[in-house]
Amino acid sequence: MSPAYRSLSSRIVSLWLGLLLLLIRVYAYEKISNETLNALPRPNDDFDIHNGALLSPILRTRVPGTPGSTAVLNHFADFFRTTLPEWTIEVQNSTAKTPTSKGKEVPFRNFIATRDPPWASAGDVERLTLVAHYDSKIEPKGFIGGIDSAAPCAMIMHAMRSIDAALAKKWSAMKEQGLDEPLEDAHGIQVIFLDGEEAFKEWSDTDSLYGARALATHWDDQFYPAMSEFKTPLSSISLFVLLDLLGSKSPTIQSYYETTHWAYQNLAALEKRFKSLKQFKSSSTDSWFIDSGKDGHKLTPMGGIQDDHLPFLAKGVEVLHLIDYAPFKGFPSVWHTIDDDGEHLDTETVEDWGMLVTAFAAEWMELEGYFDHPATIKGRSDQDSAEAEAIRLNKKTEL
Ligand SMILES: *[C@@H]1O[C@H](CO)[C@@H](O)[C@H](O)[C@H]1NC(C)=O
Ligand SMILES: *[C@@H]1O[C@H](CO)[C@@H](O)[C@H](O)[C@H]1NC(C)=O
Ligand SMILES: [Zn+2]
């Protein structure tokens, strides 16, 4: 039937279908079970500040354009190449003069890793995007930036490693069931480690966010083929989750945006569940998410914090900003001091964040049922289940 002959009613039907799809697209989010929460992989020693495989290589100075920066960039690339080989990695380069570069161009290198459903073309995938900056501040001399943002980078690495197999399993199950047809948008996931967040001299619009500004501009100008679902890599970001200044004990996280408050509330719900399942190691009893009880229309966050999300937010990207900032108290006490190093990280809190980001990504990607753990293996005997339960309980008492 050619469009000219479509009846009004069929148009209304397709309008409704369109609306429905829109709703599905916005609210695609599925809680994971207690069993899965209990069984999610833990970072174990990988967050050890001295020799942990994920975190320790980042705990060094990494000022843009220096060998430390290159070493950390290589650490990310090695991690994805060896541990997550199905991911596509790229480095987005730009240069800029800085107030301290004496007229020279400083290179900024953003690290981007992406995992899309194998059947989907790049322009048809919407992506959950997890972001942290990896550069360190040029002064004070020797500044490491444990919370700012070495630990957030490691949390994201752990989370991606923890969900990768489940994601692969889900996609192959979808393919087997013929659900790889483009009925709805394909869902992918993406990591961005940004360079040049810090100011070299004094924070200003031009002396800060070097990497974020370059990437937002680049992605806004990069068009997918004409018939694609999404126009640009920017418009295909379903949620931009920015982690910054995380890794101190008892953080305070405000909710900054009405349109992403529901995602914030899902994180808060996960925190609560982890705590009541005794799966959180840090002992704080108060919720980190102080706005979780608030109505999304009535958010009054304090701070107006300038961070890597701004160039993306300005171009219409949905942002969830996870930053430890307490009204009247400000940032964690080590912030931008020489004390923001590995030793001042609260390792238990870093680990809890790693678990929280993992669980959030698992719910966002709707991975319930795709994690390998005893409780979900079908056809097991009761004895096996009892065993699984015993293993589970044992694991809990080990905490
Ligand atoms: C960025 O620069 C590196 C070399 O430093 C190069 O290997 C890489 O291909 C460049 N990225 C792009 C997208 O051109
Ligand atoms: C999951 O754990 C929470 C917190 O301990 C508990 O309130 C809830 O009842 C549990 N749900 C199921 C289905 O066991
Ligand atoms: Zn900083």
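Residues numbered from 1 in each chain as written. Chains lettered and ligands numbered in written order. Predicted model: local features only at pLDDT ≥ 70, side-chain atom pairs only at ≥ 80, totals over all residues. Heavy atoms only, no water.

**Student:** Hey, could you run me through the coordination of the zinc ion (ligand 3) in this one?
**Tutor:** Octahedral six-donor coordination of a metal ideally yields angles of 90 or 180 degrees, compared with 109.5 degrees for tetrahedral four-donor coordination. Binding of the zinc ion (ligand 3) to the protein goes through Asp 148 (OD), Asp 148 (OD), Glu 198 (OE), Glu 198 (OE) and His 336 (NE2), at separations of 2.0 to 2.8 Å. Overall, Glu 198 belongs to the buried group, its relative accessible area being 3%. (Donors = N, O, S within 2.8 Å, 3.2 Å for Na, K, Ca; no water. Buried < 20%, exposed > 50% of the residue type's maximum accessible area, 1.4 Å probe, protein only.)

**Student:** Just checking my understanding: could you explain the site of ligand 2 for this structure?
**Tutor:** Around ligand 2 lies a shell formed by Asn 34, Ser 276 and Leu 277. Ser 276 is positioned with one of its side-chain polar atoms (N or O) 3.4 Å from an oxygen atom of ligand 2. The fraction of the free accessible surface of ligand 2 (360 Å²) that becomes covered by protein chains is 31%. (Near = heavy atom within 4 Å. Polar contact = N/O pair within 3.5 Å; in protein donor to acceptor, adjacent residues only side chain to side chain. Areas by Shrake-Rupley, 256 points an atom, 1.4 Å probe, with all protein chains shown as cover.)

**Student:** Explain helix α8 (residues 347–364) here, please?
**Tutor:** For α8, which comprises 18 residues, the first-to-last C-alpha distance of 26 Å matches the rise-based estimate of 26 Å (1.5 Å per residue) to within 8%. A large share of α8 lies buried, amounting to 16 of its 18 residues. Remark: Glu 366 follows α8 within two positions and exhibits a positive phi of approximately 55°. (Helix = DSSP H or I, 4+ residues; strand = E, 2+ residues; numbered from the N terminus. Expected span 1.5 Å × (residues − 1).)

**Student:** How should I be thinking about the environment of Val 319 in this particular structure?
**Tutor:** In this fold, Val 319 is placed in strand β6 (residues 319–323). Here Val 319 falls in the buried class, since its relative accessible area comes to 1%. Note: C-alpha distance between Val 319 and Glu 258 (61 residues apart in sequence) is 10.0 Å.

**Student:** Before we go on, may I ask you to explain the nonpolar core in this structure?
**Tutor:** Nonpolar side chains tend toward joint burial in soluble globular proteins. Formed by 96 residues in total, the largest nonpolar core has its most connected members in Met 160, Ile 189, Phe 193, Phe 289, Leu 322 and Phe 360. Top element by residues in this core is helix α4 (residues 146–176). It accounts for 14 residues. The residues touching Met 160, leaving out its near neighbours within four places in the chain, are Leu 84, Trp 87, Leu 130, Ile 189, Val 191 and Ala 361. (Core = buried A, V, L, I, M, F, W, Y, C linked by side-chain atoms within 4.5 Å. Contact = heavy atoms within 4.5 Å.)

The analysis is restricted to geometry; functional conclusions fall outside its scope.
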